[in-house]
Amino acid sequence: MAETIEQIFEREVQQELFRLKVREHAKQRYDEQKLAEMGLPVGVMAGEPIETNTAELFPGIIPQHGAAGIYGQKEVGKSLISVEMQYSALTGEPLWGHLLPKHTVTKTVHFLAEHHSYMLQQLIQEQLRFPAVNMRIFGPEHLLERRIIVSNGVRRNIAINTYKKLAEGAGLVVFDPIASFIQGDANAENDNSSMRHLVMAMTEIASENGAACLILGHKGKPMYTQEGRKIERDRYAARGASAQEDSLAGVHYFGFVGKEGNLFEFSTTHYKGKKLEKMQLYRSKETLRHTLLT
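In this report, we go over the structure that sits alongside the text. (Residues numbered from 1 in each chain as written. Predicted model: local features only at pLDDT ≥ 70, side-chain atom pairs only at ≥ 80, totals over all residues. Heavy atoms only, no water.)

1. Section: the overall build of the protein chain
A count of helices and strands for the protein chain gives seven helices and 14 strands. Relative to the globule expectation of 19 Å for 294 residues, the C-alpha radius of gyration of the protein chain, 25 Å, shows a markedly less compact shape. Its C-alpha atoms put the protein chain at 100 × 55 × 40 Å along the principal axes. Across the 294 residues in the protein chain, those meeting the buried criterion constitute 41%. Contacts in the protein chain between residues at least 24 apart in sequence constitute 62% of all its contacts with a sequence separation of at least 6. As presented, the protein chain carries roughly 17100 Å² of accessible surface, and 53% of it is formed by carbon and sulfur atoms. Averaging the locations of the 35 positively and 35 negatively charged side chains of the protein chain gives two centres separated by 5 Å. (Helix = DSSP H or I, 4+ residues; strand = E, 2+ residues; numbered from the N terminus. Rg over C-alpha atoms; globule rule 2.2 N^0.38 Å. Buried < 20%, exposed > 50% of the residue type's maximum accessible area, 1.4 Å probe, protein only. Contact = heavy atoms within 4.5 Å. Areas by Shrake-Rupley, 256 points an atom, 1.4 Å probe, with all protein chains shown as cover. Lys, Arg positive; Asp, Glu negative; His and termini not counted. Charge placed at Lys NZ, Arg CZ, Asp CG, Glu CD.)

2. Side note on the packing of helix α2 (residues 78-91) against helix α3 (residues 117-128)
The contact between α2 and α3 brings their axes to 11 Å, and the two run at 70°. As the angle between them shows, α2 and α3 are arranged roughly perpendicular. Our pair here, α2 against α3, has a crossing hand that is right-handed. Residue-level contacts link S79, L80 and V83 of α2 to L120, L123, I124 and L128 of α3. For the contact of α2 with α3, the class distribution of residues is six nonpolar, one polar and no charged. (Axes fitted to C-alpha atoms, helices over the stretch in contact; angles between N-to-C directions. Parallel < 35°, antiparallel > 145°, perpendicular 65-115°, else oblique. Left-handed = near helix turned anticlockwise from the far one by under 90°. Nonpolar A, V, L, I, M, F, W, Y, C, P; charged D, E, K, R; others polar.)

3. Structural notes on the pairing of strand β1 (residues 67-72)
Burial within β1 is extensive, with six of its six residues counted as buried. Residues A67, G69 and Y71 point to one face of β1 and A68, I70 and G72 to the other, with burial holding for every one of them. Here six bridges tie β1 to strand β8 (residues 212-218), and the two strands are oriented parallel to one another. Opposite G72, over in β8, you have H218 as the bridge partner. In the sheet, β1 pairs with strand β11 (residues 250-256) via four bridges, with the strands oriented parallel. Counterpart to A68 in the pairing with β11 is G250. (Pairing = 2+ DSSP bridges.)

4. Structural notes on the sheet that holds strand β2 (residues 108-112)
Across a sheet, paired strands are connected by hydrogen bonds in the backbone, their directions being either parallel or antiparallel. Strand order in the open sheet formed by nine strands is β3-β2-β6-β8-β1-β11-β12-β13-β14, with mixed pairing between adjacent strands. Two strands lie at the open edges of the sheet, namely β3 (135-138) and β14 (290-292), each paired on one side alone. On average, each strand axis in the sheet is inclined to that of its neighbour by 20°, with strand direction left out of account. Looking at chain direction, strand β12 (residues 263-271) and strand β13 (residues 279-283) are connected through four bridges and run antiparallel. Across the sheet, residue F264 finds its bridge partner in β13, namely L281.

5. A few points about unusual backbone geometry
The peptide bond linking D176 to P177 adopts the cis configuration, its omega dihedral lying at -10°. Its location among the elements puts P177 in the loop between β6 (172-176) and β7 (182-183). At L144, a residue that is not glycine, the phi angle is positive and equals roughly 50°. Along the chain, L144 turns up in the loop between α4 (140-143) and β4 (150-151). Residue class for L144 comes out exposed when judged on its relative accessible area of 52%.

6. Some words on the sheet that holds β7
Taken together, three strands build an open sheet; the order of strands is β5-β4-β7 and the sheet is mixed. Each end of this open sheet is capped by a strand with a single partner; those strands are β5 (154-155) and β7.

7. Some remarks on the environment of G184
Take G184: it is sitting in the loop between β7 and α6 (192-207). In this structure G184 comes out as partly exposed when scored by relative accessible area, which is 41%. For the pair G184 and G153, spaced 31 residues apart in the sequence, the C-alpha separation amounts to 7.4 Å.

Spelled out as structure tokens, the structure:
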């Protein structure tokens, strides 16, 4: 006797349920096999000697693990001081005339996600006048469609893998500026989840190459009282979501002192380690290089 439509439907449902159960069981077995192949991490004991490769690159400024962020207003010189840090890390010359790196590196990589790489080359060659060192720059004209690391709250693995490849051999990786590596709606930069994903991805790119990580970003626009007095925030002054500062191992603010002349202040709002006191820097009008005053 021929099956009814209801019987055929029920038979197909049962077969599909069986296939789903098989797939679920196969996935579980696959995950167990992968876990067995990977093994489990053993961690470290609190009292064990600290590994020497965990030393900071610049004490109180750039940790070897995790990422540090430097935030300042537009055109204050964030890229400038990041280049000074790279030069010091490469040569061992004291940063700003006084601060020695804990160790030197053989290569740095600067990911410049806005404008053009020649602008940074011009700064280094014609103004700072640094001799040639192993500092590689990737501008937006090189990164192209792989520039964006997080899009609409989702990690772009093709971009992350590209950055990891480009950063091979580097001891310090710089991302400049953070807002140019993310895209989404008009509120993307203010989304805590997206910005946390971005900072963690940048940290991963550097750490998988054994490099320290430095991220540059803009401060939020200042607020003013009715009397016209500018209100400065001493915490969470970065433009956008607060999660970006929370995700960083160190956060520093860099800004003008007085009437935006040649004096600047470098201050640390938080750091996973010994925190530095505020520092005043003098910028040479001729070379744009900084000298530590305090």
